[in-house]
Structure formats: structure tokens, C-alpha cells
Amino acid sequence: MVLADLGRRLNAAFLSLNRAPVVDEKVLDTTLKEITAALLEADVNVKLVASLRQKVKIKVKAALDASDKSKDSNRKTLMQKVVFDELVHLVDPGVEPYKPKKGQPNVIMAVGLQGNGKTTTCTKLAVYYQKRGFKSSIVCADTFRAGAFDQTRQSATKAKVAYFGSYTETDPVVIAAQGVAKFKKERFDVIIVDTSGRHKQESELFQEMVQISAAVKPNMTVLILDASIGQAAEAHSRAFKESADFGAIIVTKMDGHAKGGGAISAVAATKTPIIFLGVGEHLYDLDRFSPQPFISKLLGLGDMQGLMEHMQDLAQQNPDKQKEMAKKLEEGKLSIRDWREQIQNVMNMGPISKIASMIPGLPQELLAGSDEEGSLRMRRMIYITDSMSSKELDSDGSLFWETGKDGKPVGLTWRVTRVAKGSGTSVREVEELLCQYRMMAHMAKQAGGKNGWLQAMQKMQNVAGGRGRGANGMPTPAQIQAMQRAMPPGMLQQMQRQLRSGGGMQEMMKAMMQGQGDQFDMEEMQSK
């Protein structure tokens, strides 16, 4: 995805700024030059880039003249904040889109040129709202394109979404009116009307849109735009705005071309909010667009708010199971079956790189190109657990190990060979899975109970006043100080030692995963 390349280039510009011993006008010009070059390569309009450069330069120079020259760290922070704010302003029209409400019919009409992905996006949108508890439906009012209703029927059936259309009726206005009336009577919350597209901006298309709009009276009209048209998105959106008066935009095909930045910034210039980005071909490849988190992820600053929302959506799909799992973790108990469910939850969250981009400070290069590899590894772990019996799944893994007099594992039982043969994997893979499970089980043991760090973290969060109140769901400095005061004695010093030792985040995670007292060395086990 080319936006990831833009993010890397912007990060490199900030890295150069952080390395500069003194922040002066020369450093400012060099940083701005790198940032503007990156934006222009991402096909952002040259006028918007020039405006951004001018605004940043004026604001930073004014601040540099007013501040104390000795505080270079403050100047770097100030410059980064100004650039961040201006980038957010670049993609933020400052207009709030319509938000569907439960318990009432919300009619959404999709318009756009042919080939922009309207029909696929309508199904994705229905799935998105259905996952969040809305009763969703689709009305296919596209009578111009051959096979449009067949496509809607197939994708809606696959997504388990209600749909309406006709093979005999040729008037799209009649179909739209009948479909909306039907679903309103059946008390559907979200009714998405898919309209016809054309190869070019023809007067008949706009006339048809106006007629359908008058018939169904939509709460929101959404323009579906293909990102590959780049800066031309502005002219397209303006033309549609004059006829359909849409209230929001969905930009599709954002997963692999050079003009995504141009489409997003050009659309923002029309003062119409983008609500979603289409980032793939699958039904769940629709990302909610919010300017500040979008720029935050682009710059590698993460999106904690988005990550929490993503996890809450997963929890809402099966709340009883989540409560049961939370209770087990509080007690410090984790069976192989529980661990398998957690692996499946991670797989349901989407591509690993997508989740990684939401975590602040995690180097994106670390997981670059590893989505397919990571997904395959997790699937093989599921295959291994599928070959285990119910007794083995509900155990703590001790059935697979032969133990010595001191109670520590000394070898593997016959069960490991049986599971390896049954799952089509190797004994080594089964052994690695058991070692990983044991580490997680020990981590759960340390986390649970009255003296576990899960309770300590809960206490720290309560002291800080709940969720982060800062930008993008992050804790404010006051909240961080309150959490530090509530930290168990020695915990902060231990974390600082780990970071200073050079291992960084990996060493901290290793320290959290390792037990005290009954840890074992995986390599030592494999050599036996």
C-alpha cells in the first residue's frame, strides 16, 4: 500500500529532525522539503502542499522566535505538533457525517460512476453495521448494468444480509421505492440503496439519482469514489455534489496504487467528510476513516482508540464467551482450549500489519510482508489443536510432558507424535506450540489472582480516572503520573532497567512472559 510508503517517508523526515543537534531555520527548511516531497509523490495536490508548507513555516518560525533557544527538545516537539495538526487539517473538512441510529430506519443511498465498486461497497457497509448490532439490508436499484442484481444476491447471501431486487422491473425508481418500503415495514435499521453507474458523467445518471432520492428520501447519500483517479476525485465529487447533494464519501481501492493521497486530500477540499476507506476485496475490508487517527497511524504514532474499538467489536459478537475468558484470566487459569480461542480471536481481528499499525511505537518494518506468513503459522496452530482430544484441550498441557522427580519436564509423551501425525505437522511444531502455550499459561498465572499484575493494572487505570483522555485515546500527562504513583513497588524500575539494557520492548515482553521459579528453556527441551 503506497500510503504506508508515505508514512515511512514522513517518519524518516521526523527522524532526521530528532537527530539534529540544533533546531534552526535551516533544519526547518530541510524537514519541510522532505515532507513536501513525500506528499507530492503521494499525488497530493501541489496547491495544498504549498499551503501546508507555508502555514507550518509561519507557525514554527513564530514559535522559534518566541521560545528559549536552549530548549531544542521543546522546539522539535513543537515542530512535530504543528506538522501533525496541518496534516490532519489537510484531510479533515471539519464536517460531521450522519450517524445511523438504532430503532429507526436509516436509508443510505450509494451513488457513483460505474466500476468504482458501489455494489461491493454496499455489501461491505451492510456487514459493517450488522456487526455493530444494526439490522441491515440492501436494495439493488441498478437496472442498467447486466448482472448487477446477481452480484448483489451472491454477495448479500454470502454476508447473510437481507436484499431486494427484481429481474423483471426495469424502472430503478420503482424498485428503490418498493425495497425501502418493504424493509421499513420489516423494521430494518439500515437500508442501503445501490444505484446505477455510468461510464462517464451523463445527464441521465444525475436525473435518475434525483428521482430515486425523491422517492426514498435518504437520510444520507454516499458517493463511492475510486482512489485510482487521484486528484480528479475533486472534480468528480463536485459534479455529484451539485446534483445528488451527498453527505459523505467512501474511497475504494486504497490497497495498492500511487494516488490514494491525492483522492483523500482532494475530497477533503470539497468540504465533504470521508467515512470509510475500502482497503481490500473481502467483506470486512472496510476501514472507518477519522482524520486524526488516520494521520496518527500514517506517522507511526498508533491508534489506541481504533484498537480498543476493534477489540470491543469482537467482544460484542460473543459477550458470554468473553466474560467467561475474563473470569479465567482473573483466576490465573488458561487451558489449551482457552488459548486456541484466543488465537482464533487474533485471526478474526484481521491482518497482523493492520493491528500493528494501531500500536504506538511498534516499528512497521518489523511486520512488513509477514501477514501471509503469520496467518499460515496461526492456522497450523489451529490444525494441531484440532487433532487433540477433549481431555487434552481442557488440560494444562502436562499430559504431553514426561516429568522428572523435581516435577520439571524432561521429555515428550506418545501423545505428541499422535497429534503431529493427525494434524499433518511435525513433532517439533507440536513441541513449539506446547512451549508457547506454557509461556502464555504462566503469564496468565502471573496476571491473575489478588497479587497479579492484571489487578495492579486495573488499580492503576482506576486511579488515573479510566480511559485515556488525551488525543486519540492516549492518557494525558496527569493520568500517566497517577498511574506511576499507583504502580507496584519496583515495577517501574524493572521496566526502565529492561529498556536501558538495550533489549527495548522485546526484552520487556520476554521479562513479562518468563516465569519465576518454574520457567524452562525451550532449546534445552528440544535438544533432548
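See the structure printed just above.
Notes on the structure in this doc start here. Everything quoted here is computed from the prediction, not taken from an experiment.

### Points about the overall build of the protein
Argument step 1. Helix and strand counts for the protein stand at 24 helices and ten strands.
Argument step 2. Sorting the 528 residues of the protein into buried and exposed places 43% on the buried side.
Argument step 3. Here the analysis covers contacts within the protein between residues at least 6 apart in sequence; of these, 72% occur between residues at least 24 apart.
Argument step 4. For the protein, the accessible surface area stands at approximately 27,700 Å², while carbon and sulfur atoms represent 53% of it.

### What about the packing of aromatic side chains?
Argument step 1. Taken as a whole, this structure holds eight aromatic pairs when the rule is applied.
Argument step 2. Relative to Phe-276, the ring of Tyr-128 lies with its centre 4.6 Å away and its plane at 75 degrees, an arrangement referred to as edge-to-face. Placement of Tyr-128 in helix α5 (residues 118–131) and of Phe-276 in strand β7 (residues 274–278) is noted, with a sequence separation of 148 residues between them.
Argument step 3. The interplanar angle of 70 degrees and the centroid separation of 4.9 Å between the aromatic rings of Phe-183 and Phe-188 together place this pair among those described as edge-to-face.
Argument step 4. Since its relative accessible area comes to 9%, Phe-188 is described here as buried.
Argument step 5. Aromatic rings pair up to connect Tyr-128, Tyr-129, Phe-134 and Phe-276 into one cluster.
Argument step 6. In this structure, Arg-132 packs its charged tip against the face of Tyr-128, placed 3.6 Å from the ring centre.

### Things to note about the pattern of salt bridges
Argument step 1. Within the structure shown, the criterion is met by 15 salt bridges.
Argument step 2. Note that Asp-150 and Arg-153 form a salt bridge whose closest N and O atoms lie 3.2 Å from each other. Within this pair, Asp-150 and its partner Arg-153 are both found in helix α6 (residues 148–159), separated by three residues, close to a single helical turn.
Argument step 3. When its relative accessible area of 28% is taken as the criterion, Asp-150 is described as partly exposed.
Argument step 4. In this structure Arg-153 comes out as partly exposed when scored by relative accessible area, which is 30%.
Argument step 5. One salt bridge connects Lys-182 with Glu-186, and the closest N-O pair in it is separated by 3.1 Å.
Argument step 6. Judged by its relative accessible area of 36%, Glu-186 falls in the partly exposed class.
Argument step 7. One continuous salt-bridge network, built from bridges that share partners, spans Glu-392, Arg-415 and Arg-418.

### Let's talk about the environment of Met-440
Argument step 1. By secondary structure assignment, the location of Met-440 is in helix α19 (residues 427–447).
Argument step 2. Here the alpha-carbon distance between Met-440 and Ile-336, two residues 104 residues apart in the chain, equals 9.9 Å.

### A few points about the packing of helix α7 (residues 172–185) against helix α8 (residues 203–216)
Argument step 1. Look at α7 against α8: their axes get within 9 Å of each other, and the N-to-C directions meet at 25 degrees. In terms of their interaxial angle, α7 and α8 are classed as roughly parallel. As for the relative orientation of α7 and α8, their crossing is right-handed in sense. Residue-level contacts link Pro-172, Val-173, Ala-176, Ala-177 and Val-180 of α7 to Glu-208, Gln-211, Ile-212, Ala-215 and Val-216 of α8.
Argument step 2. Residues of the contact of α7 with α8, tallied by class, amount to eight nonpolar, one polar and one charged.

### Here we look at helix α11 (residues 291–298)
Argument step 1. Burial analysis of α11 places six of its eight residues in the buried class, the great majority of the element.
Argument step 2. When we look at burial in α11, the residues that qualify are Pro-291, Pro-293, Phe-294, Ile-295, Ser-296 and Leu-298.

### Overview of the pairing of strand β6 (residues 248–252)
Argument step 1. Of all five residues that make up β6, five are buried, and the element is covered over most of its length.
Argument step 2. Each parallel crossover has a hand, and the one from strand β5 (residues 220–226) via helix α9 (residues 233–244) to β6 is right-handed.
Argument step 3. By the bridge criterion, three bridges tie β6 to β7 in an arrangement that is parallel. Looking across to β7, one finds that Ile-250 is bridged to Phe-276.

Thresholds, definitions, all that
Residues numbered from 1 in each chain as written. Predicted model: local features only at pLDDT ≥ 70, side-chain atom pairs only at ≥ 80, totals over all residues. Heavy atoms only, no water. Helix = DSSP H or I, 4+ residues; strand = E, 2+ residues; numbered from the N terminus. Buried < 20%, exposed > 50% of the residue type's maximum accessible area, 1.4 Å probe, protein only. Contact = heavy atoms within 4.5 Å. Areas by Shrake-Rupley, 256 points an atom, 1.4 Å probe, with all protein chains shown as cover. Phe/Tyr/Trp six-rings, centres within 6.5 Å; stacked < 30°, edge-to-face > 60°. Lys NZ or Arg CZ within 6 Å of the ring centre and 35° of its normal. Salt bridge = Lys/Arg side-chain N within 4 Å of Asp/Glu carboxyl O. Axes fitted to C-alpha atoms, helices over the stretch in contact; angles between N-to-C directions. Parallel < 35°, antiparallel > 145°, perpendicular 65-115°, else oblique. Left-handed = near helix turned anticlockwise from the far one by under 90°. Nonpolar A, V, L, I, M, F, W, Y, C, P; charged D, E, K, R; others polar. Right-handed = clockwise from strand over helix to strand, strands pointing away. Pairing = 2+ DSSP bridges.

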